[in-house]
Amino acid sequence: MPYYALLEPTGEESYDLFLLYKACKYKSFFYGTFYFPRRRELRPVFRIPRVDIRDDIFERVPASEVEDAYKMLCVKCGRCCVMDSGAFAFKDEIFRIMDKLGIPMDFPSREVRVHRVGRVLIYDLAIEEGGRCYFYTPEGCLIERQASWRLKPMICLIHHCSVFAERRGKLYIKVSVRREGGKFVPVYREVSREEFDRVAEGVRRDVYRLYMRRLKGREPSPS
Ligand code: SF4
Ligand code: SF4
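Just so it is clear, the model here is predicted, and its values are computed rather than measured.

Analysis parameters
- Residues numbered from 1 in each chain as written.
- Chains lettered and ligands numbered in written order.
- Predicted model: local features only at pLDDT ≥ 70, side-chain atom pairs only at ≥ 80, totals over all residues.
- Heavy atoms only, no water.
- Pairing = 2+ DSSP bridges.
- Helix = DSSP H or I, 4+ residues; strand = E, 2+ residues; numbered from the N terminus.
- Axes fitted to C-alpha atoms, helices over the stretch in contact; angles between N-to-C directions.
- Near = heavy atom within 4 Å.
- Nonpolar A, V, L, I, M, F, W, Y, C, P; charged D, E, K, R; others polar.
- Buried < 20%, exposed > 50% of the residue type's maximum accessible area, 1.4 Å probe, protein only.
- Contact = heavy atoms within 4.5 Å.
- Arc of directions from axis to C-beta.
- Core = buried A, V, L, I, M, F, W, Y, C linked by side-chain atoms within 4.5 Å.
- Salt bridge = Lys/Arg side-chain N within 4 Å of Asp/Glu carboxyl O.

This next bit is on the sheet that holds strand E7 (residues 109–114). Pairing is antiparallel across the open sheet formed by 3 strands, whose spatial order is E6-E8-E7. Each edge of the open sheet carries a strand with a single partner, namely strand E6 (88–90) and E7. Averaged over all pairs of adjacent strands, the angle between strand axes in this sheet comes to 40°, irrespective of strand direction. Examined bridge by bridge, E7 and strand E8 (residues 118–124) share 6 bridges and lie antiparallel to one another.

Around ligand 2 sit Cys 81, Ala 87, Cys 133, Phe 135, Tyr 136, Cys 141, Ile 143, Lys 152, Pro 153 and Cys 156, and that is every residue in its neighbourhood. Per-class residue counts for the shell around ligand 2 are 9 nonpolar, no polar and 1 charged.

This part is about the environment of Ile 48. Position of Ile 48 among the secondary structure elements: in the loop between strand E3 (41–47) and strand E4 (58–61). Here Ile 48 falls in the buried class, since its relative accessible area comes to 0%. The sequence separation of Ile 48 and Gly 32 amounts to 16 residues, and the corresponding C-alpha distance is 13 Å. Contacts of Ile 48, omitting those with residues within four sequence positions, involve Met 1, Pro 2, Tyr 4, Tyr 26, Phe 29, Ile 53 and Phe 58.

With that out of the way, let us pick up unusual backbone geometry. A positive phi angle, near 60°, is found at Arg 40, a position not held by glycine. Here Arg 40 is to be found in the loop between strand E2 (30–36) and E3. Taking relative accessible area as the criterion, Arg 40 reaches 30% and is therefore assigned partly exposed. The backbone phi angle of Asp 84 is positive, close to 45°, even though this residue is not glycine. In this structure, Asp 84 sits in the loop between helix H3 (79–82) and E6.

Attention shifts here to helix H4 (residues 91–101). By the burial criterion, the buried members of H4 are Glu 93, Ile 94, Ile 97, Met 98 and Leu 101. Along the axis of H4, the buried positions cluster into a sector of 125°, meaning they face one direction only. Opposite its buried face, H4 presents the exposed residues Asp 92, Arg 96, Asp 99 and Lys 100, each directed more than 90 degrees away. Contacts made by the buried residues of H4 are with E6, E8, helix H5 (142–146) and helix H6 (154–158). Looking at the residues trailing H4, positive phi occurs at Gly 102, about 65°.

The next thing to look at is the nonpolar core. Residues Leu 6, Phe 46, Ile 57, Phe 58, Phe 90, Met 154 and Ile 158 are the most contacted members of the largest nonpolar core, which totals 24 residues. Looking at this core, the elements with two or more residues in it are strand E1 (3–6), helix H1 (13–23), E6, E7, E8 and H6. Top contributing element to this core by residue count: H1, with 6 residues. Sequence-distant contacts of Ile 57, that is, excluding residues within four places in its chain, are made with Ala 5, Leu 6, Leu 7, Phe 18, Leu 19, Lys 22, Ala 23 and Tyr 26.

This paragraph deals with the site of ligand 1. Taken together, Cys 74, Val 75, Lys 76, Cys 77, Gly 78, Arg 79, Cys 80 and Cys 161 make up the full set of residues near ligand 1. In terms of residue class, the shell around ligand 1 is built from 5 nonpolar, 1 polar and 2 charged.

In this section: the pattern of salt bridges. All told, the structure shown has 21 salt bridges when counted by the stated rule. The shortest N-O distance in the salt bridge between Glu 59 and Arg 43 comes to 2.6 Å. Highlighted residues: Glu 59 in strand E4 and Arg 43 in strand E3, separated in sequence by 16 residues. Residue classification places Glu 59 among the partly exposed positions, given a relative accessible area of 28%.

Encoded structure:
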């Protein structure tokens, strides 16, 4: 099945939301987010039968390029969910989540303009203290735990911290970032499975500590 990369966002909100909005219907074809070294780009990749593509939001990418790219791995540390998550969902997405999880629909929404679509409601999930997502739990994303990763908002599926990666069966960790051709380029170092697991565990522990500190900070001090 051919590979398709979601077009690059431009930084213009209505166009970037258009890409996300349209990508929602291809969730089941999502293959992963990849860093393409030659392009110096991080792009969500889908494997979609050609007949199923009805939107001009993708560009076809040769298999050889995908094989040469770094696939982002999420070690589920929760860092991008626990503070300043900025998480949000489109109406269809949040309705499906609520329906599946049996949670009453009670998220603040705002109307946004989506290129070629019009006015659309998006629901803010970052409603807990410090921008923590409503669905964050120290054990992982509640949506994923109680339903499926496919039910998560599109933004959560494609967003990656780009720290952990794999390429051609090998594991990598981002060790620095350098500036090249006006872009920030990640520098990856190959690591063993043991080192990868150790670093991932350390990150998970740090995030959990941060979460607990914030929770404790909220508790009234004993009088
Ligand atoms: S910070 Fe990276 S590893 Fe942690 S949850 Fe987010 S994407 Fe996954
Ligand atoms: S919906 Fe899940 S993955 Fe997305 S920010 Fe919330 S906890 Fe994280």
